[in-house]
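Coordinate analysis (summary)
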Amino acid sequence: MSVDFSNLTQFLQPLLALKIVFLLIIAFFIVFTFVVVNQVNTMNKIVSEAHSSFTLKLIAILNLLLAVSLFLLALAIL
Amino acid sequence: MADVFIAPKHTKTETEKAEVKMNNIAFLPDLEDPDHISHLGSFLVKPYWVSFQNQDDDENILLFLRPHVITTLPWLFLSFVLFLIPVLIAYIYPLISGTIFTISFLPENFTIILLLFYYLLVFNYFFVNFITWFFSISIVTQKRIVDIDYSDLVYHDVAVTKLDLVEDVNYTQTGFIRSFFNYGDVFVQTAGEKLHFDLLAVPKPAKAVDIIQNLIGEAGHVS
């Protein structure tokens, strides 16, 4: 019985490893943007201002969506 | 000698006490029309569009304070510089070396993702600093003072004290920049569990102290 190392060699290709590193970093960044959304919601419950609260919440959610979009883009083109 | 006349003691009724409080509130200037009000203001009098958690139905915000906008300049400037760095590299590098700047060990698709990620980081740096400033708020109502400290994204501290427990109010304004832009630190000493409230870098500290003093009906001091 022989062990096929071709898959292992492919796995160790630098660009593939770099892609995985990029994706991991962006994934952690998505978690960070999710925390930002959560904190904006929490603070809006403590102090609420007409229009400003909604705008901040919208920007925080857009930020999260941008991070997710970047992750998907990296997954596709890298 | 026997007393000829003893004036009956008059204890203020609840209505009279409320009238005194309302008279104290009446000295506050009237608000401008809503169209002219800035939601990013740092010194707002009677901001009716603002509400806070556990606010009573009959409780009105009389003074709304944030750190002076000048305190946002360092991170605003840094955000601007960080935003410009890739642009400057793209334009200046060819002038110096005669070639377009590229990261030689990275393929083009990685460079694009890196650039997009960099700008997302810069935007988040700006946004987190903005919400840190935006949610660092001090509120004075006719009943109490609320001080909200927000920092480091995940830390916030909400301190509340009744106006009856406020013992002394004073402010400090030191340095050329603070004097020029008229902002300083207001310190409220209380008899409650939290001994002092620090309202840092607020605009017009003298006016803020004056308003709070009028509300508590005591003389403070200026340092």
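Residues numbered from 1 in each chain as written. Chains lettered and ligands numbered in written order. Predicted model: local features only at pLDDT ≥ 70, side-chain atom pairs only at ≥ 80, totals over all residues. Heavy atoms only, no water.

Before going further, it helps to examine unusual backbone geometry. Residues and elements named next belong to chain B. At asparagine 54, a residue that is not glycine, the phi angle is positive and equals roughly 65°. Note on placement: asparagine 54 falls in the loop between β2 (50-52) and β3 (61-65). Overall, asparagine 54 belongs to the exposed group, its relative accessible area being 61%. A positive phi angle, near 45°, is found at lysine 204, a position not held by glycine. When you line up the elements, lysine 204 lands in the loop between β9 (196-203) and α5 (205-216). (Helix = DSSP H or I, 4+ residues; strand = E, 2+ residues; numbered from the N terminus. Buried < 20%, exposed > 50% of the residue type's maximum accessible area, 1.4 Å probe, protein only.)

Moving on, we come to the interface of chain B and chain A. Buried accessible area, meaning the area lost when the parts come together, often serves as the stated size of an interface. Tallying the contact residues gives 34 residues for chain B and 35 residues for chain A. Of all residues in chain B, Phe110, Ile113 and Phe135 of chain B give up the largest surface area on contact with chain A, accounting jointly for 21% of the area buried on that side. A salt bridge links glutamate 49 of chain A to arginine 66 of chain B; the shortest N-O distance between them is 2.5 Å. Taken together, the elements giving at least two residues each to the side of chain B that touches chain A come down to β2, α3 (108-134), β4 (137-141), β5 (144-151) and β6 (155-162) of chain B. Each residue belonging to the side of chain B that touches chain A can be placed in one class, and the counts come to 27 nonpolar, six polar and one charged. By the bridge criterion, three bridges tie strand β1 (residues 47-49) of chain A to β2 of chain B in an arrangement that is antiparallel. Across the sheet, serine 48 of chain A pairs through a bridge with serine 51 of chain B, a residue of β2 of chain B. (Contact = heavy atoms within 4.5 Å. Buried area = accessible area lost by both parts, 1.4 Å probe. Salt bridge = Lys/Arg side-chain N within 4 Å of Asp/Glu carboxyl O. Nonpolar A, V, L, I, M, F, W, Y, C, P; charged D, E, K, R; others polar. Pairing = 2+ DSSP bridges.)

Where helix α3 (residues 52-77) of chain A meets α3 of chain B, the axes come as close as 11 Å, and the angle between the chain directions of the two elements is 160°. Taken together, α3 of chain A and α3 of chain B sit at an angle that is classed as roughly antiparallel. The element α3 of chain A and its partner α3 of chain B pack so that their crossing is left-handed. Along its contact with α3 of chain A, which presents Ser52, Leu56, Ile59, Ala60, Asn63, Leu66, Ala67, Leu70, Leu73, Ala74 and Ile77 of chain A, the element α3 of chain B presents Asn109, Ile113, Leu116, Phe117, Leu120, Phe123, Asn124, Phe127, Phe130, Ile131 and Phe134 of chain B. (Axes fitted to C-alpha atoms, helices over the stretch in contact; angles between N-to-C directions. Parallel < 35°, antiparallel > 145°, perpendicular 65-115°, else oblique. Left-handed = near helix turned anticlockwise from the far one by under 90°.)

Grouped together as the largest cluster of nonpolar side chains are 43 residues, with contacts concentrated most on Val47 and Leu56 of chain A together with Phe64, Ile131 and Ile139 of chain B. When contributions to this core are tallied by element, the ones reaching two or more residues are α2 (14-46) and α3 of chain A together with β2, β3, α3, β4 and β5 of chain B. Excluding residues that lie within four positions of it along the chain, leucine 56 of chain A makes contacts with Val40 of chain A together with Phe127, Phe130, Ile131, Phe134 and Phe135 of chain B. Counting 23 residues, the second largest nonpolar core, distinct from the first, contains Phe43, Leu199, Ala208 and Ile212 of chain B. (Core = buried A, V, L, I, M, F, W, Y, C linked by side-chain atoms within 4.5 Å.)

For the rest of this paragraph, the subject is the pairing of β9 of chain B. Side-chain positions along a regular strand alternate between the two faces of the sheet. Residue and element names in this part refer to chain B. Sheet topology note: the strand β8 (residues 183-190)/β9 ladder contains six bridges and is antiparallel. Paired with glutamine 189 across the bridge in β9 is histidine 196. Joining the antiparallel neighbours β8 and β9 is a turn of five residues.

Once that is clear, we can look at the sheet that holds β9 of chain B. All names here are of chain B. Across the sheet, which stays open at both edges, the three strands sit in the order β7-β8-β9 with antiparallel pairing between neighbours. Since the sheet does not close on itself, it has two edges, and those belong to β7 (166-172) and β9, each with one partner. Direction aside, neighbouring strands of the sheet carry axes that sit 15° apart on average. The pairing of β7 with β8 spans six bridges and is antiparallel.

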